[in-house]
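Descriptive analysis of the structure
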Amino acid sequence: MMHIGIDDTDSPRGGCTTYIAALLVEKLHNLKAKFIDYPNLIRLNPNVPWKTRGNGALCLRIECDEAQVEDIKETTIELVEENADLTYEGTDPGIVFFYGEIPKEVEEFAKGAVQGIGKVKTAINLLRRFRAEAIGFKNGRGIIGGLAAIGGTLKGDYTYELIAYRIPENRGTLRRICKESVIEMDRIMGNQTFNNIDPETGRILITPHGPDPVLYGVRGESPEAVRKAHNLIRSEEPIERWIIFRTNQGTDAHLRPVRSVSEVKPYNPVVVCGVVASKPRVIAGGHVIFSISDGSGSIDCAAYEPTGRLRDVARLLIEGDKVEVYGGVRPPSEDNPMTINLEKIRVVEVAPLKRLMNPICPSCGKRMKSMGRGKGFRCKRCGFKDPSAEKILVEVERSLKPGLYITSPRSQRHLTKPFSRYGLEKHEASYTYERIIPYSKFSNLE
Ligand code: ZN
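Since the model is a prediction, treat every value here as computed from it, not as a measurement.

1. Some details on the packing of helix H3 (residues 104-115) against helix H5 (residues 142-151)
A packed helix pair is summarised by two numbers, namely the angle formed by the two axes and the spacing between the axes. It is at 7 Å that the axes of H3 and H5 come closest, and there the two elements cross at 120°. One element, H3, and the other, H5, form an angle in the oblique class. As H3 packs across H5, the resulting crossing turns out to be left-handed. Where H3 abuts H5, its residues Val106, Glu107, Phe109, Ala110 and Ala113 lie against Ile144, Leu147, Ala148 and Gly151. Of the residues that constitute the contact of H3 with H5, the class distribution is seven nonpolar, one polar and one charged.

2. Some remarks on the sheet that holds strand E19 (residues 369-370)
One open sheet accounts for three strands, arranged E19-E20-E21; its pairing is antiparallel. Looking at which strands have only one partner, the edges of the open sheet turn out to be E19 and strand E21 (385-386). Sheet analysis places E19 next to strand E20 (residues 377-378), joined by two bridges and oriented antiparallel. Within E20, the residue paired with Ser370 across the bridge is Phe377.

3. Overview of the coordination of the zinc ion
On the protein side, the zinc ion has Cys361 (SG), Cys364 (SG), Cys379 (SG) and Cys382 (SG) as donor atoms, found 2.3 to 2.4 Å from it. The site at the zinc ion holds four donor atoms, and with the angles between them running 101 to 121°, its shape is tetrahedral. Considered as a linear motif, the donors of the zinc ion on their single chain read C-x2-C-x14-C-x2-C. With Cys364 in the loop between strand E18 (353-357) and E19 and Cys379 in the loop between E20 and E21, the pair connects residues that are 15 residues apart, well separated along the chain.

4. Quick notes on the side chain of Gln115
Its place among the elements puts Gln115 in helix H3. Overall, Gln115 belongs to the buried group, its relative accessible area being 12%. In this structure the side chain of Gln115 is engaged in a polar contact, spanning 3.2 Å, whose partner is the backbone oxygen of Ala253. Non-local contacts of Gln115, meaning those with residues more than four positions away in its chain, are made with Asn45, Ala253, His254, Leu255, Arg256, Tyr267, Asn268 and Pro269.

5. Some details on H3
An ideal rise of 1.5 Å per residue puts 16 Å on 12 residues; H3 measures up with 16 Å between its terminal C-alpha atoms. Looking at H3, one finds that the buried residues are Val106, Glu107, Phe109, Ala110, Ala113, Val114 and Gln115. Each element contacted by the buried residues of H3 is listed here: strand E3 (40-43), strand E5 (94-99), helix H4 (120-129), H5 and strand E11 (256-257).

Thresholds, definitions, all that
Residues numbered from 1 in each chain as written. Predicted model: local features only at pLDDT ≥ 70, side-chain atom pairs only at ≥ 80, totals over all residues. Heavy atoms only, no water. Axes fitted to C-alpha atoms, helices over the stretch in contact; angles between N-to-C directions. Helix = DSSP H or I, 4+ residues; strand = E, 2+ residues; numbered from the N terminus. Parallel < 35°, antiparallel > 145°, perpendicular 65-115°, else oblique. Left-handed = near helix turned anticlockwise from the far one by under 90°. Contact = heavy atoms within 4.5 Å. Nonpolar A, V, L, I, M, F, W, Y, C, P; charged D, E, K, R; others polar. Pairing = 2+ DSSP bridges. Donors = N, O, S within 2.8 Å, 3.2 Å for Na, K, Ca; no water. Tetrahedral: all angles 85-135°; square planar, octahedral: opposite > 155°, others 65-115°. Buried < 20%, exposed > 50% of the residue type's maximum accessible area, 1.4 Å probe, protein only. Polar contact = N/O pair within 3.5 Å; in protein donor to acceptor, adjacent residues only side chain to side chain. Expected span 1.5 Å × (residues − 1).

What follows is the structure, given as structure tokens:
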């Protein structure tokens with residue numbers, strides 16, 4: 001058994017680590033390697049400071065003869081060298097080869113890299129201990145993701161993504177797929193696929209916008225579902241190849257519940273409970289900021305403008321509301337304290353909202369009118385007057401209801417679990433080897 005982990009080969013100028021994995025699947029197939037899992041796409045912590053893109057690492061898991069190992073390693077290294085954007089400053093590719101069963105320690109390391117920040121030193125210690133091999137290009141940081149992809153065995157919840165790639169001459173041009181076919185696909189597939197379309201704007205979310213080779217990616221609950229969805233999408237440009245990944249996308253794998261506000265640390269995405277301690281304020285750009293506290297401390301929470309309905313919900317909060325907030329944690333800067341960038345809010349309990357209102361007429365029940373400051377109130381309907389009446393505090397109904405609120409699909413992280421997936425969580429890896437094929441369209445495997 002051999003696991004090949006690859007990370008950080010792409011740059012904003014182009015490329016995509018998933019594409020290198022797709023090419024490698026074809027080459028390993030030609031070398032007669034036997035796949036024991038779908039290629040895994042492991043999204044790492046989206047809040048690490050040096051990453052602005054998807055932060056996805058890949059792992060291929062195969063069975064092969066000992067005699068083939070050198071060939072497989074050579075092929076992998078060559079492919080990464082040919083396809084990685086090595087001249088881009090922030091691109092530091094890594095490849096890891098791991099043999100045999102995945103030990104708990106490596107699974108723990110992967111969890112750490114999804115929920116926090118993995119360290120090169122820890123990765124290297126594990127590589128030594130378990131006699132794995134690694135090639136780190138440039139500063140070698142890619143080894144972290146490579147090992148994390150290997151340890152990301154997806155034994156809990158997971159989803160699938162089918163990614164279709166463009167032919168080289170079309171890359172960098174406008175993507176041409178039939179929008180209506182995506183809307184129709186979304187309708188037919190129901191909750192078996194997710195985040196195809198942003199319901200608030202009608203925007204198609206399956207196509208990226210950069211110069212990378214991805215034409216589209218369909219996310220869903222099973223290989224069959226993403227295959228069916230793919231067959232329903234009409235592409236107006238040729239598809240070079242497609243491949244199905246098993247992935248931690250849409251599972252909230254990055255969010256770690258902490259017991260108190262004081263345990264919230266920069267760069268570690270959290271779920272934490274608290275009581276709204278300051279009235280939400282809208283700042284330049286339409287972002288909404290409020291703070292929560294729980295006795296152990298308090299922290300700012302931000303719902304940014306593109307989070308759409310989540311921002312609208314944040315504006316309705318008042319002091320005293322009990323909430324559970326979900327999101328990445330930005331370290332303090334010169335201008336701002338440490339802040340949770342919200343992905344979800346669960347409103348646990350709404351505080352009573354009281355407003356000063358005119359008193360009710362004791363004789364006919366209508367709300368009275370003021371006769372001037374300090375001069376009491378008068379009823380317009382029946383003429384009743386009370387010069388000593390004062391405004392009264394009245395509890396008014398809250399428009400905000402308890403419940404879970406999630407950022408709009410267009411601003412969801414790859415890892416964010418969308419509404420449609422609640423109740424569909426998987427609890428163990430239940431795929432079988434037979435179901436793995438076809439994993440990719442490149443030969444006669446179909
Ligand atoms: Zn009256």
